[in-house]
Amino acid sequence: MKSEREKMVVGELYFGGDPELTASRMAAQRLLRQLITSAPEDPAERERIVRSLFGRVGRAPVIVPPFACDYGWNISVGDDFYANFNCTILDVAPVTIGDHVLLAPNVQIYTATHPIDPAERRSDLEFGRPITIGHNVWIGGGAILCPGVTIGDDTVIGAGSVVTKSLPGGVVAAGNPARILRNVR
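All values derive from a computational prediction rather than experimental measurement.

Break down the pattern of salt bridges for me, citing the residues and quoting the values.
Side chains that differ in sign of charge can pair as their charged atoms come close. Evaluated as defined, the whole model comprises six salt bridges. Of the charged contacts in the structure, one is a salt bridge between Glu12 and Lys2, with a shortest N-O distance of 2.5 Å. Remark: Lys2 occurs in the segment before α1 (4–9) and Glu12 occurs in the loop between α1 and β1 (14–15); sequence separation between them is ten residues. Residue classification places Glu12 among the partly exposed positions, given a relative accessible area of 31%. With a shortest N-O distance of 2.8 Å, Lys7 and Glu4 are connected by a salt bridge. Taken as a pair, Lys7 and Glu4 lie in helix α1 at a separation of three residues, close to a single helical turn. Exposure class is identical for Lys7 and Glu4. Each is buried.

This is the structure we're talking about:
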């Protein structure tokens, strides 16, 4: 029988109030509190906290607090990752971010979702869909990435966009819902 954590990670319905998951969220909250109170002139301390929080971290990550996530261990970032202030990553499913990715302020990455059927939703069960962001991606301020999307390498997402469907590499996309406006090259 799968644990609630195992169900959560593979995208099955799970109970978010499970004691193991609750303890894991509380551990993440403690690290996020440390990040918020860390000194901006001490980037090594901030990096240490990020490495303790995230599942995988490449070279030279920078996260400007405040930052929010559910668990942290379900987030993987590549080299030279930068997240400006007020970014949120709901990581009930894996979030995989490539090298040289820039998140502008207030970017929201949501893997978490709920059943559409009201009776099923009242059961307190939820699920998630993974999000993958390729290399050399820039996501503009206030953009929202919805559960299950993939963003290809070298893509730019315009400020305020809502990405509801996967986008290929090498494009500029914007709007609500986001649509491809042009190629990068």
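After that view of the structure, there is still more to cover.
Explain the side chain of Asp70 to me, using residue names and the numbers behind them.
Residue position: Asp70 is located in the loop between β4 (67–69) and β5 (75–77). Put simply, Asp70 is tucked away with no salt bridge, and the nearest opposite charge, on Arg25, sits 5.8 Å away. Every residue in contact with Asp70, bar those within four places of it in the chain, is listed here: Arg25, Ala28, Ile89, Leu90, Asp91 and Val92.

How would you summarise the pairing of strand β19 (residues 171–175) if you had to cite specific residues and measurements?
By the criterion of burial, β19 is predominantly enclosed, with four of the five residues buried. Where strand β17 (residues 156–157) lies against β19, two bridges are found, and the strand directions are parallel. Within the sheet, the bridge partner assigned to Val156 lies in β19 and is Val172. Here β19 runs beside strand β20 (residues 178–183); their pairing, made up of five bridges, is antiparallel. Looking across to β20, one finds that Ala174 is bridged to Arg179.

Which residues make up the sheet that holds strand β13 (residues 131–133), and what values do they have?
The parallel open sheet is built from five strands, whose spatial order is β2-β5-β8-β13-β16. Edge strands, defined here as strands with exactly one partner in the open sheet, are β2 (56–57) and β16 (150–151). By the bridge criterion, two bridges tie β13 to β16 in an arrangement that is parallel. Across the sheet, the residue bridging to Thr132 is Thr150, located in β16.

Please give an account of the nonpolar core that cites residues and values.
Phe54, Phe67, Ile109 and Ile133 are the most contacted members of the largest nonpolar core, which totals 37 residues. Counting residues per element, the ones that place at least two in this core are α2 (19–37), α3 (43–53), β4, β5, β7 (87–90), β8 (95–97) and β13. Residues within four places of Phe54 in sequence aside, it is in contact with Ile63, Phe67, Gly72, Trp73, Ile75, Val77 and Phe81. Counting five residues, the second largest nonpolar core, distinct from the first, contains Tyr14, Leu21, Tyr71 and Val92.

Rules behind the numbers
All residue numbers here refer to positions counted from 1 along the written sequence of the relevant chain. It should be noted that, the model being predicted, local features are given only for residues of pLDDT at least 70 and side-chain atom pairs only at 80 or more, the latter also being counted only at that level, while totals for whole chains, interfaces and linings use all residues. Processing note: side-chain calculations cover all non-hydrogen atoms of the structure and skip hydrogens and water entirely. Here, a salt bridge means any Lys or Arg side-chain nitrogen found within 4 Å of an Asp or Glu carboxyl oxygen. Elements are defined by DSSP. Helices are runs of H or I of four residues or more, strands are runs of E of two residues or more, and each kind is numbered from the N terminus. The rule is simple: take the accessible area with a 1.4 Å probe, protein chains only, and divide by the maximum for that residue type; under 20% is buried, over 50% is exposed, in between is partly exposed. The convention is simple: Lys and Arg are positive, Asp and Glu are negative, and His and the chain ends are not counted. Whether two residues touch is decided by their heavy atoms; if any such pair falls within 4.5 Å, the residues are in contact. A strand pair is defined by DSSP finding two or more bridges across the two strands. For our purposes a nonpolar core is just a set of buried Ala, Val, Leu, Ile, Met, Phe, Trp, Tyr and Cys residues, chained together by side-chain atoms within 4.5 Å.

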